[in-house]
Every structure is written in C-alpha cells, then in structure tokens.
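Close look at the chain arrangement
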Amino acid sequence: MEYHLLLLSDRYPMYRFILKRLFLLLPVLLGVSLLVFAIMSFTPGDPAQLILGESAPAEAVAELREEMGLNDPFIVRYASFVGNAITGDLGRSYSTGREVFGEIASRFPNTLTLATLGVLIAIVIGVPVGIISATRQYSLIDSSSMVVALLGVSMPNFWLGLMLILVFSVNLGWLPSGGFSDWSSVILPALTLGTGSAAIITRMTRSSMLEVIRQDYIRTARAKGVAENVVINRHALKNALIPVITVIGLQFGYLLGGAVLTETVYSWPGVGRMMVDAIRQKDTPTVLGTVVFLAAAFSLVNLAVDILYGFIDPRIKSQYK
Amino acid sequence: MSQQITADTLPEAVLEATRSAPKKRSQWLEVWQHLKRNKMAMFGLVILSLVVFAAVFADLIADYETVVIAQNLSDRLQGPSAQYWMGTDEFGRDIFARMIHGTRVSLMVGVLSVAIAIMIGGTLGAVAGYYGGRLDNIIMRVMDIFLAVPSILLAIAIVSALGANLINLMLAIAVSSIPSYARVVRASVLSLRDQEFIEAARAIGASDTRIIFRHIVPNALAPVIVQGALGVATAILSTAGLSFIGLGIQPPEPEWGAMLAGGRQYLRHAWHVTTFPGLAIMITILALNLLGDGLRDALDPRLKH
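About the thresholds
- Residues numbered from 1 in each chain as written.
- Chains lettered and ligands numbered in written order.
- Predicted model: local features only at pLDDT ≥ 70, side-chain atom pairs only at ≥ 80, totals over all residues.
- Heavy atoms only, no water.
- Salt bridge = Lys/Arg side-chain N within 4 Å of Asp/Glu carboxyl O.
- Helix = DSSP H or I, 4+ residues; strand = E, 2+ residues; numbered from the N terminus.
- Buried < 20%, exposed > 50% of the residue type's maximum accessible area, 1.4 Å probe, protein only.
- Axes fitted to C-alpha atoms, helices over the stretch in contact; angles between N-to-C directions.
- Left-handed = near helix turned anticlockwise from the far one by under 90°.
- Contact = heavy atoms within 4.5 Å.
- Nonpolar A, V, L, I, M, F, W, Y, C, P; charged D, E, K, R; others polar.
- Buried area = accessible area lost by both parts, 1.4 Å probe.

Overview of the pattern of salt bridges
When the charged atoms of two side chains lie near each other, side chains of opposite charge can form a pair. Considering all chains together, one arrives at 14 salt bridges over all chains under this definition. Ionic pairing is found between R107(A) and E103(A), a salt bridge with its closest N-O pair at 3.2 Å. Taken together, the residues R107(A) and E103(A), both in helix α6 (residues 100-135) and four residues apart, mark about one turn of the helix. Judged by its relative accessible area of 19%, E103(A) falls in the buried class. R296(B) is the partner of D293(B) in a salt bridge, and the nearest nitrogen-oxygen pair spans 2.9 Å. Note that D293(B) and R296(B) are positioned in helix α14 (residues 271-299) at a spacing of three residues, about one turn of the helix. Among the residues examined, R296(B) registers a relative accessible area of 34% and is labelled partly exposed. Salt bridges here are not isolated pairs; linked through shared partners, they connect R98(A), E103(A) and R107(A).

Shown next as structure tokens:
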C-alpha cells in the first residue's frame, strides 16, 4: 500500500484524524473570507476615489475602478480574491501601496512574540497558583488568589495596559510606554496580555485539580502511604493538567488573534494594530487580509490544541474516527 | 373500553393529585434560595442593582445637557475634589457625572445585544438540535465559520464596514456572540430531544413548534441564563474596547471605553481621567461574573450537593 494511503487507513487513526481536520479547515477559511469579504463590500466610499484623492478627475477614477475590477459582480471579485489569496497575494494596501501579505509577514513575528510571552507569563502564574489554591481549598491563599483571578478576568486589558503605563513608565520611569525598541519594551505589553489568561488558567487549574483530588485513585494513593507531595505532583497533576493544557492552547490562539487592543495601547508593530490603522484609513484590502490571516492563525492553533489533546490523553485517542 | 380519556372521565383522586402537584415556579424559587446562600453572588447582585439604579436615575444625579456633555474649558483636567468627586476630563466635564450616565449605554448595549444573540442563536441552536441531520450540519458548520474569527475581530470588521453608531455596535456584538448561544442551546436540546416527556407530547399530537417552544426551550433555559449573564459582561467589555479604538459610541456621548480613550493622551498629567472609567467597567464586569458564577452553581444540579 502506498504510504499516504496507509496514513488514511484504520491502523493510523491519529494521522487520519489530523488530515481530516486539516481538510475541514478549508471550508471554514473559505467561509471566513467570504464573510469578511461580504462585510467589507458594505463599506461606504469608493476605493478608487480614496486612492486617487478627493480632487481626482472623474474619468481617472472610473478608469481605476475598471482596472481594479470594482465593477465586476460580487462573486467574481470574491473568486479573484480567493484565487490570489491561495498564491499568497492579498492585494495591495490602498494607503501605502505595499503588498498586504508582505506587510503581514513582516509584522506577524511581533504579534507571535507578544502572544508567546503573554501565554508564558500566564502559565508561570496561573498553573502554580491554581495548584496551591486547590491543595489548600478555602484557605486564605485560596480565597485571595481567587479574588485576584476574578479581578483579572473582569479587567478590560486595554485599561490594565494604561494603568501599567501609568505606574511603570510615567511614575517610576522604569519601562518604555510603547513602541518597539529593545527587550524592555515587550515587558508591559506581554504582562497586559498575559494577565487575563493567567486569571483564566488559575481558575481552570484550581477547579480541575479539585475534581481530580476527590477521585478514588488519589485516596488509594494516600491510603497506601504515598507522601502528599508525590500524590499531588505525580498522581493528581498529570490528570488535572489535561483540561488546563487545552485552555492554555485556546488562550494562545485567542491572544494571537485578539491582541488588537493591547497592540493599540502600546503602539506595538503587530498585525492587530496594522488592522486598526487600516480601519481608520478605510484600507479595505489590509483589513480583509489581516482579519483572514488572524482567523487562520486562530483556527490552526485550535486545531493543534485538538490534536495535542489526543497525544496527552490516551482516552481521547480511541475516539478518533 | 373505547372511551376517550378526558378531564371528566378521570377519577377525582387523579385530578386532585394534578392540582396539588408542585407548581412549575418552585424550580425557580429553589434556584433563588440556592443563590441567596451564595455570598459572592449576592455581592454581585447588590453591585449590579446599584449600577442599574445609577442608570435609571442618571438624570436626577446629573443633568445631561448642562453637566454631562457641556464643555467647561476653565475647569479642564482638574483632579478629584469636593466639587468634582472624580475630577474633570480634557473638556472640563465632571467625570463622575459622565460615568453615571455611561452606565446607560453600557447596560443597554450589553443587555440588548445579548437578547438579540439569544433570540437568533437560541432559535438556530434549537432548530439544529431538534431536527438534526442535514439541517443541523449546515447550521453548525456556518456557526463554526463565525467561531473561527475571534469575536472582537468580527465585531471590529462589522462596525468598521457598517459605520460606527449605537445600532451597528449592538448588531456587531450580537452577531459575534450568536454561535456560542447556538451551541449551548443545541447541546441542551440534544439531551432533551429523546426524553419521555417530549415523546409524550408528540404522542398527543403537539406540533413541532409547540414542542420546541413550550417543552424544550423552558427546560433548556438554565445554561442560556448563565451564558447570558456572562455574555452581558463580555458585551460591555467589547463595547468599551470598540469605543476605545474609535469604533463604538462617538463623543461627546459618555461611554466608559471612549472616556478612557479620551484620557489616554493626558495620562502623564491627569491619571484620574483614565483610571475611574476603567474601574467602573471592572466593577460592573466583576458583579456580572460573580452573579453568573453563582447562577451556574445554583442551576447546575450536579453541583447542588
């Protein structure tokens, strides 16, 4: 049997599952682009006029409209957008004239850095605090960390960003308030982005840990005299972390796709801020390109989380069909 | 014994039993009793009541035309004082008064957008779950497409295309949260669909519409209520976020996110302009989260004991 057919056979349900999910991603991405393309076509204003300026002669505007294919029916315009997008061509920015894809590609590493650091901060805070809270349920540490986590979930992150700027760059002068110069400029945005996720991960770790601790096999371990720290670290943690890893993965996807406000607060040169700037300038190709790109990144991360889930939890693997 | 069973032919004892059977309301009474014991949820409810109170009586607390939107440049960017409890903004307007009036926009957008999302998402989810098969597949795949875009991105795209105003803002936030309600309702409809009381309703000839709206929807309500309470919180956050980047409520109308954005460039000299509206958002969201968590505990029979 040929190798690729082997992958699809019943002997490798995991690969088959991954291929199937990757395949299912295509209609979703097509749908997303259609959705955003349709929304964007409602945008009032003539792009040709926008590019040439208010004072441009009517003939020139009409000529450019024809050249850009703006007079074509919706479905034709959408088809050509998809056709170009597949080859990595997302059109040119109305305001800068540069390739949208190139611009996204040059900015994406910044967004990725921020999301990665944000998630790392969230894990470093969230997982230990969640475990400690669960092992000392209803203690002072537990209640106070739950209150802090609740505040973290309730805080708008753009406001937290401004407050951190107020304290650490305006009052203390320790860190830059925005832009992208050296490593110190990444600290505040990453903290801002990570706080909400840290709160969510803390809550998830705590509740998952509490659920596991109550199970019989933990009681068995304790009954046969296993030391408490071994019970927690070896027996309970492994199972408790399975749903936490899912949440971490989903948070990563969310930070990647939803860091728009944080990037705006800190003037961070990422894809999110590129989108907000493009909206202000009514730069439709850029808005379209960034939304579709971020949605694709978000979907891919979610897919990766699903697959990872199967690797760490053998019970799920048997469900792949 | 081909006699039809009607109320007249039933033995008196059976009728008596139906009359004295516990009323349906008692279920909600029980939830309330449970909720009342949850101190955090009650704390949330009290704060939320204060916010609603502020929204209802905003005009008595501060006049809209003369205090909330009228500029008073001689008093601009003043710190908190006896006259201005939370100081003044860049146009010399009383931040406290604007914050109080800001509750109106936030609550209205929050509640209405969630209501729209529940109506559309709930109907789609109920139809998908009840009929199943191809229809279910089509509806849920479309929902997957919506879920593939982070909701704030979707809302931004919609508002930027349709134009920034109150109605479009509500629509955008509603549309971006439709899929989550569709999922929740579909899941509970699926679990209800094959239960005996539904079968019984179908056996006595109830129409699909009647079964969905009279029997399934009331029983599927609990998770929707929890999701709704948390959804209002998310909607208020999204409103503030969109206004913050200039895509929501437009000045001079007071909205917390827009107020924050206005104070951003004065952060260095006037901390209070950005600090207080943010606190207002945080406290309102906190109250909704506490109440939502409490409702979940009260409504989830699994956690009841």
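This is not the end of the story, as more comes after the structure.
Overview of the packing of helix α8 (residues 151-162) of chain B against helix α9 (residues 166-193) of chain B
Residues and elements named next belong to chain B. Between α8 and α9, the shortest axis-to-axis distance is 8 Å and the interhelical angle comes to 145 degrees. The two elements α8 and α9 cross, and the hand of that crossing is right-handed. Here S151, L154, A155, I158, V159 and L162 of α8 come into contact with α9, specifically with N168, L169, A172, V175 and S176. Split by residue class, the contact of α8 with α9 holds eight nonpolar, three polar and no charged.

With respect to the interface of chain A and chain B
Contacts between the two partners involve 39 residues from chain A and, on the opposite side, 38 residues from chain B. For the pair chain A and chain B, the summed buried area comes to about 3,500 Å², and 80% of that belongs to carbon and sulfur atoms. On inspection of chain A and its partner chain B, the count reaches one salt bridge. With a closest N to O distance of 3.0 Å, D293(B) and R203(A) form a salt bridge. A class-by-class count of the residues in the side of chain A that touches chain B yields 30 nonpolar, seven polar and two charged.

Honestly, that's just the spatial picture; any functional story needs more than this.
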